[in-house]
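Fold and contact review
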Amino acid sequence: MTTFAPESPGVAFAGADAAAGGLRVWRGLRSGWRTRASMIVLALFAAAALWGEIVYRLAQARDRTPSYAQLNLDARYLPPSLFRHPFAAAAGAEADAPQVGARLYAGLRELARHPFGTDNLGRDVGQRLIQGARIAFQVGVMTALIAIPLGLLLGLLAGYFGGWVDDVVVWLYSTVAAIPGLLFILAIALVVGKGLTGVYLGIGLTTWVGLCRLIRGETLKQREQTYVQAARAMGLGHARILFRHILPNVFHLVIITISLRFPAAVSTEVFLSFLGIGVQGEPSWGVMLGNARLRLWQGMWWELTFVTIAIFAVVLAFNLLGDALRDALDPRAASKSEG
Amino acid sequence: MGYYLLRRCLQMLPVLFGVVLITFVLFHVVGGSPAVMALGKNATPAALEEFDETRGFNRPLLWGSWTSTRAWTDWDARRGSDRSGAWEGTTGSRLDAAGAVLFSPGVGVVPLACPLRANTDYRWRLDVRQPSGGGTLAVTAEGGAPSTAAVPVPTRWTRLVLPLAAGAGRADGLRITVTGGGPLEIRAARLERRMAHPWDSQLAHYLGQVARLDFGVSLATNERVADMLKQGIGPSLMLTAPIFFGGLIVSIALALICAWRRDSWFDRLTVVIAVVLMSVNYLVWIVAGQYVLAYHAGWFPIWGFDSWRCLLLPVSIGLVSGLGANLRFYRTVMLEEINRDYVRTALAKGLGTPAVLIRHVLRNALIPIITSTVIAIPFLYTGSLLLESFFGIPGLGGLSINAINSADVDVIRGVVLVGAVLYMAANLLTDLCYAWADPRIRLR
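Observations regarding the interface of chain B and chain A
Many authors give the size of an interface as the accessible area that is lost as the parts come together. With 40 residues of chain B at the contact, the number on the chain A side is 41 residues. Together, the buried faces of chain B and chain A total about 3,800 Å²; carbon and sulfur atoms form 79% of this surface. When the buried surface of chain B facing chain A is broken down by residue, B:S279, B:Y291 and B:I404 rank first, second and third, together holding 14% of it. Here chain B and chain A share 1 salt bridge between them. Taking the shortest distance from any N to any O, the salt bridge between A:D323 and B:R328 comes out at 2.8 Å. Considering only residue class, the side of chain B that touches chain A consists of 28 nonpolar, 8 polar and 4 charged.

What follows is the structure, encoded as structure tokens:
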């Protein structure tokens, strides 16, 4: 993948001046149009999640049914407004100027009413999509908050101390890796109980293995570097060497892993919610997908389409950004993929 | 070589033990009472006890000398347990408004749901008090030996542990003798049975089962899990093997072409399509495929497992959805090889393109391909959870989903255990394949 070519691919990022390195990476990331586009998509995604959170909190604070959950039996199965021919009246009218203006206004109002259509209970699909973004964002962040510290800490300890610590960590992650992943997640989610907490823990507690392996391998290498020996010779403590000296040099792996794990977690949440184990009573993308699937046979194509597009856009953006990040942060991998 | 194999197999043992432990603890918590699930809510306590005894469910979880018994339902007023159920038919007692059970001085008899076992020690843990003070309490199993001397009852809530000595006969009630003082109050009661051996636990029972390769019996269908696994493996393989091998061949072939014609329109287009394919959700593939191709266009059967035609759609969905990631990975691998000097040399000495690509490039790219391929083999066995449940294929994936939904513990454990063993075997196989693909690698 050559979405981004580092300005000086020969210079290793590790050990370089961190601030300058970060700036270079940032500049490099902004240069490709694909990366830029994916950043815009992700910013929109985060904004939608934030907006959804505000709507959700406000409804909770006022103790009202939030607008995305309001049933409206008069407006069931409304297609997206563009497909309802909102300007049919305005276009078909004779040249009567003030009336055309009024009709145009009515058409615009119609266009703004349920722009993404409504579902089988008359709930607004657009608002539910935004709530889905909120939940997807939460799942991505929360699972990362569980899995990343776990994998990072265990990997650092195993790689740095070796010996029995290493044995225990390797045993732990081999065991988790050997259990079929989806079944493991399902089981943890069932143990914790239906709901988002189960999803967080299920995904978080099973996906730290990859990062742990990477960090352990990298720490094993870093441990032998001269800067670590120097730090040790100066009499620094283990904790200080690990977290102040080794951690910054393996941290690029964390960033790459987050960019890969986030979309995976979103997809897994979709799957769990679809199965009825995940989110309860709130419109996550998985719940919407399950609902849309049942209504597809009645000709309600728009909910499935929009959910698909939303998931697709977020995952694609993360994939592209992940590629760019890998090329920028891991010069070794970048030079590999450039042949 | 033999030594290497032996050492690797020994290294697998701790991991295997870890898997067994995790599946045991995790899925133990998932399931409710297996006996109630298997026999129904109206089964007699004696039947439930019998079921628990044969399947080992009435033992302590990990270890312990005392275990619960179905002769008496654990009762705790503070947790809102139902007192009318637990104390039904008890003579000499009355209920008070605060939730406790009162015994006046005299003799009361508490009936048991099923008789106590002969020659087994029990103990009764009671939270009692006697506000007036000065009284004593003695408990005896009906028909058993008179066990305890009368114990003085304190005025504050206290937990008394009253041993019930083993009798030769079958006791079906507990006789409570209260002497002196005012009424005696009980707010919690728990009857426990002494295990002959503290390590005779459910874990030990389970480990024994696993060691005998006995995966137990399904709670939902009462079939042997081993048989269910055997029946499920065929359909699962029919679905996953074509996906696996088809995907392997297609993605490697495309990756070779992409690497060969690097930066051509074909390469660029393929890379873009691969990223796009990767980003479409798996569920969407299935839902849309089933609706558009099977229902609307009518090209494929929508559901079922009658003929090979039923497999066409799920196989193609599996192929397409996995293609993107594989293709990208293999392309990177091939790109790394294709610019090497030996490729130039081979071309320079006049070898044809196919010969160079297949005999030289592919051969040298084998190591990463093996790593990603062999480790995927266990997933052939677990099948595809989603594809199978959506298309009604009676394989292990659909089986696992059903088992998870109905908390059929033994079935899930069986699938997970066999899957884990296969995963470890695949790991070993990967290393053996390394040595075969690259003679420079020595197994030590």
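Moving on, there is more to tell.
Some thoughts on the confidence of the model for chain B
This prediction gives chain B a mean pLDDT of 83; 93% of its residues lie at or above 70. Overall fold confidence for the complex sits at a pTM of 0.82, while the interface term, ipTM, reaches 0.80.

A look at helix α9 (residues 308-338) of chain B
Because the α-helix completes a turn every 3.6 residues, residues three or four places apart line up on one side. Taking 1.5 Å of rise per residue, 31 residues should cover 45 Å, yet α9(B) covers just 39 Å from first to last C-alpha, more than 12% shy of that figure. At B:L323, α9(B) is bent by approximately 45°, the largest bend along its length.

Description of the domain arrangement of chain B
Residues and elements named next belong to chain B. Under the domain assignment used here, chain B contains domain 1 (2-65 + 200-211), domain 2 (68-194) and domain 3 (225-437). Using only C-alpha atoms to locate each centre, domain 1 and domain 3 end up separated by 34 Å. Contacts between the two partners involve 19 residues from domain 1, matched on the other side by 16 residues from domain 3. Summing both sides of the interface, domain 1 and domain 3 together bury roughly 1,500 Å²; the carbon and sulfur share of this comes to 76%. Taken as a group, R8, M12 and F27 account for 33% of the area that domain 1 buries against domain 3, more than any other trio of residues on that side. At the boundary of domain 1 with domain 3, the tally comes to 1 salt bridge.

Focus: the sheet that holds strand β10 (residues 173-179) of chain B
In a beta sheet, neighbouring strands are held together by backbone hydrogen bonds and run either parallel or antiparallel to one another. Residues and elements named next belong to chain B. Strands sit in the order β5-β10-β7-β8 across an open sheet of 4 strands; the sheet is antiparallel. The sheet is open, and its two borders are formed by β5 (106-111) and β8 (151-152), each paired with just one other strand. Across 2 bridges, the pairing between strand β7 (residues 136-141) and β8 is antiparallel. Across the sheet, residue T136 finds its bridge partner in β8, namely P152.

What about the side chain of A:R128?
All names here are of chain A. Secondary-structure assignment places R128 in helix α5 (residues 125-161). Looking at R128, the relative accessible area reads 5%, which means it is buried. Those residues within four positions of R128 in sequence are excluded, and the remaining contacts are Y68, D119, R123, P283 and M288.

What about the pairing of strand β11 (residues 184-194) of chain B?
Residue and element names in this part refer to chain B. Counting buried positions over the 11 residues of β11 gives 9, a clear majority of the element. In this sheet, β11 lies alongside strand β1 (residues 66-68) in antiparallel orientation, the contact comprising 3 bridges. The residue bridging T67 from the neighbouring strand is R193, located in β11. The pairing of strand β2 (residues 75-76) with β11 spans 2 bridges and is classified as antiparallel. Bridged to D76 within β11 is A188. Here 3 bridges tie strand β4 (residues 101-103) to β11, and the two strands are oriented antiparallel to one another. Bridge pairing links F103 to L184 in β11. Pairing analysis gives 8 bridges linking strand β6 (residues 122-129) to β11, with the strands arranged antiparallel. Following the sheet pairing, L126 is matched in β11 by A189.

So, the packing of helix α13 (residues 301-329) of chain A against helix α7 (residues 265-279) of chain B
For any two helices packed against each other, one specifies the crossing angle of their axes together with the interaxial distance. Remark: α13(A) packs on α7(B), axes separated minimally by 8 Å, with the N-to-C direction vectors making an angle of 125°. One element, α13(A), and the other, α7(B), form an angle in the oblique class. Regarding α13(A) and α7(B), the two cross each other, and that crossing is right-handed. Residue-level inspection shows A:I311, A:F312, A:V315, A:L316, A:N319 and A:L320 of α13(A) in contact with α7(B), the latter providing B:V275, B:V276, B:M278 and B:S279. For the contact of α13(A) with α7(B), the per-class residue count stands at 8 nonpolar, 2 polar and no charged.

Conventions adopted
- Residues numbered from 1 in each chain as written.
- Chains lettered and ligands numbered in written order.
- Predicted model: local features only at pLDDT ≥ 70, side-chain atom pairs only at ≥ 80, totals over all residues.
- Heavy atoms only, no water.
- Contact = heavy atoms within 4.5 Å.
- Buried area = accessible area lost by both parts, 1.4 Å probe.
- Salt bridge = Lys/Arg side-chain N within 4 Å of Asp/Glu carboxyl O.
- Nonpolar A, V, L, I, M, F, W, Y, C, P; charged D, E, K, R; others polar.
- pLDDT = per-residue confidence, 0-100.
- Helix = DSSP H or I, 4+ residues; strand = E, 2+ residues; numbered from the N terminus.
- Expected span 1.5 Å × (residues − 1).
- Bend = angle between axes of the 7 residues up to and from the residue.
- Domains from an automatic or database assignment.
- Pairing = 2+ DSSP bridges.
- Buried < 20%, exposed > 50% of the residue type's maximum accessible area, 1.4 Å probe, protein only.
- Axes fitted to C-alpha atoms, helices over the stretch in contact; angles between N-to-C directions.
- Parallel < 35°, antiparallel > 145°, perpendicular 65-115°, else oblique.
- Left-handed = near helix turned anticlockwise from the far one by under 90°.

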